[in-house]
Amino acid sequence: MNRLRSTTFLTTLAGAPAALALLVPQAALAATTLDADRTTPIKTSDAGDIWIGDDGSITLENGGTAVTVDSNNTVGLDDGGYISITGGKDGDTGIYVNAGATTEITTTGAITVTETFTGADTDSNGIADGPIASASSRYGIVVGSGATTSGAIDNSGTIRVDGLNSGGIVVQSNFTGDITNTGTISVIGDNSVGISTQGVTGDVTVEGTVAVVGQGAQGVVLNGDIDGAFRIQGSVSQASSYTTDSSTTQTLSRTALRTGKAAVEVKGDVTGGIIVASAPYDLSDTDTDEDDDGVTDSSEG
């Protein structure tokens, strides 16, 4: 894995018994806690709420989607827990949310969606001669396109993704709720993105670190209107070089750099304003959150 540097219609009485059965309240699924390694995917429609504990993990060595939210349930990933996908296949995803679901995704552990790939450098000059990733459409957390999705997405852990046209946190439907990153997101791959949304009714907060590298790669892209505030109080960066799986440093070509895009792009209205803030002054040796915003000051700005 590379590393960055810099919805019954009742038509007959005969069908009524079966149809009426659908109206009887169904027992909620019990929550599922993973406290050991799991090597197969899991769905909320089978497991209910899913919590990956600090000793739990999901490892998919041949690729796939680790967690699918296909019902109105929550997913949590504890500090120490992790999701690891190393198959290097198109579409590999840590957590996939069906559009239209109501869910809360909370991650304090690690999600890695990686591949073993080193971009071509035929003349051995340390400059990539082509794409810097192989597989495409790979995500740490992704909400599919379609009906408006509701809830919250909160990452204070680590998300790392290798892939073309891929992303760390990508919301492809409109979303009602807050989207927050106070952790670390790193993405390597051309035309990829750290965080991307459509329209959001809620706040979008970017703290911690978002770092991308690749031709046309962007840190944060808001594709729709934000009925709330957009706050940046962390680091959003585009790197021009990275460390390959071969432990060599590879730099983007001049062509790639010339066709670069903005690190942060806001395409719609933001009713609550765009706030760019820095970490507070360090006035105390013991208070690690001097501005009382719930985020360690050292991860801001």
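Our subject in this report is the structure included herewith.

Conventions adopted
Residues numbered from 1 in each chain as written. Predicted model: local features only at pLDDT ≥ 70, side-chain atom pairs only at ≥ 80, totals over all residues. Heavy atoms only, no water. Helix = DSSP H or I, 4+ residues; strand = E, 2+ residues; numbered from the N terminus. Contact = heavy atoms within 4.5 Å. Polar contact = N/O pair within 3.5 Å; in protein donor to acceptor, adjacent residues only side chain to side chain. Buried < 20%, exposed > 50% of the residue type's maximum accessible area, 1.4 Å probe, protein only. Pairing = 2+ DSSP bridges. Patch = residues over 30% accessible without salt bridge, like charges linked within 9 Å, V, L, I, M, F, W, Y side chains within 5 Å. Areas by Shrake-Rupley, 256 points an atom, 1.4 Å probe, with all protein chains shown as cover. Salt bridge = Lys/Arg side-chain N within 4 Å of Asp/Glu carboxyl O. Lys, Arg positive; Asp, Glu negative; His and termini not counted. Charge placed at Lys NZ, Arg CZ, Asp CG, Glu CD. Core = buried A, V, L, I, M, F, W, Y, C linked by side-chain atoms within 4.5 Å.

## Concerning the environment of Asp92
Within the fold, Asp92 resides in the loop between β9 (82-85) and β10 (93-97). The spacing of Asp92 and Gly163 is 71 residues in sequence and 9.3 Å in space, taken between C-alpha atoms. Not counting residues up to four positions away in its chain, the partners in contact with Asp92 are Gly63, Gly64, Ile85, Gly87, Val113, Ser137, Arg138 and Tyr139. Engagement of the side chain of Asp92 in a polar contact is seen with the backbone nitrogen of Gly64, the distance being 2.8 Å.

## A closer look at the pairing of strand β6 (residues 57-60)
On β6, burial covers both faces: Ser57 and Thr59 on one face and Ile58 and Leu60 on the other are all buried. With two bridges connecting them, strand β3 (residues 37-38) and β6 associate as parallel partners. Across the sheet, the residue bridging to Arg38 is Ile58, located in β6. Where β6 lies against β9, four bridges are found, and the strand directions are parallel. From the neighbouring strand, Ser57 faces β9, where its bridge partner is Tyr82.

## Observations regarding a negative patch on the surface
A cluster of acidic residues, Asp35, Asp54, Asp55 and Asp79, forms a negative patch at the surface. Summarising the element assignment, Asp79 is placed in the loop between β8 (75-77) and β9.

## Concerning the pairing of strand β23 (residues 218-222)
Within β23, five of the five residues are buried, leaving the element largely enclosed by the surrounding structure. Two elements, β23 and strand β27 (residues 264-266), share three bridges in a ladder whose sense is parallel. The residue of β27 that forms the bridge with Val220 is Val264.

## Observations concerning the nonpolar core
Ranked by size, the top nonpolar core spans 44 residues in total, and within it Ile58, Val67, Ile83, Ile95 and Ile153 carry the most contacts. With residues up to four places along the chain from it excluded, the contact list for Ile83 reads Ile52, Ile58, Ala66, Val67, Gly94, Ile95, Ala110, Ile111 and Thr112. One finds Ile132, Ile188, Tyr242 and Leu252 within the second-largest nonpolar core, a separate group that totals eight residues.

## Observations concerning a nonpolar patch on the surface
A grouping of Val264, Val266, Ile274 and Val276 is seen on the molecular surface, where their side chains present a nonpolar patch of about 320 Å² in accessible area. Mapped by element, the contributors of at least two residues to the nonpolar patch are β27 and β28 (274-276). Turning to its location among the elements, Val266 is positioned in strand β27. According to the relative accessible area criterion, Val266 is partly exposed, its value standing at 31%.

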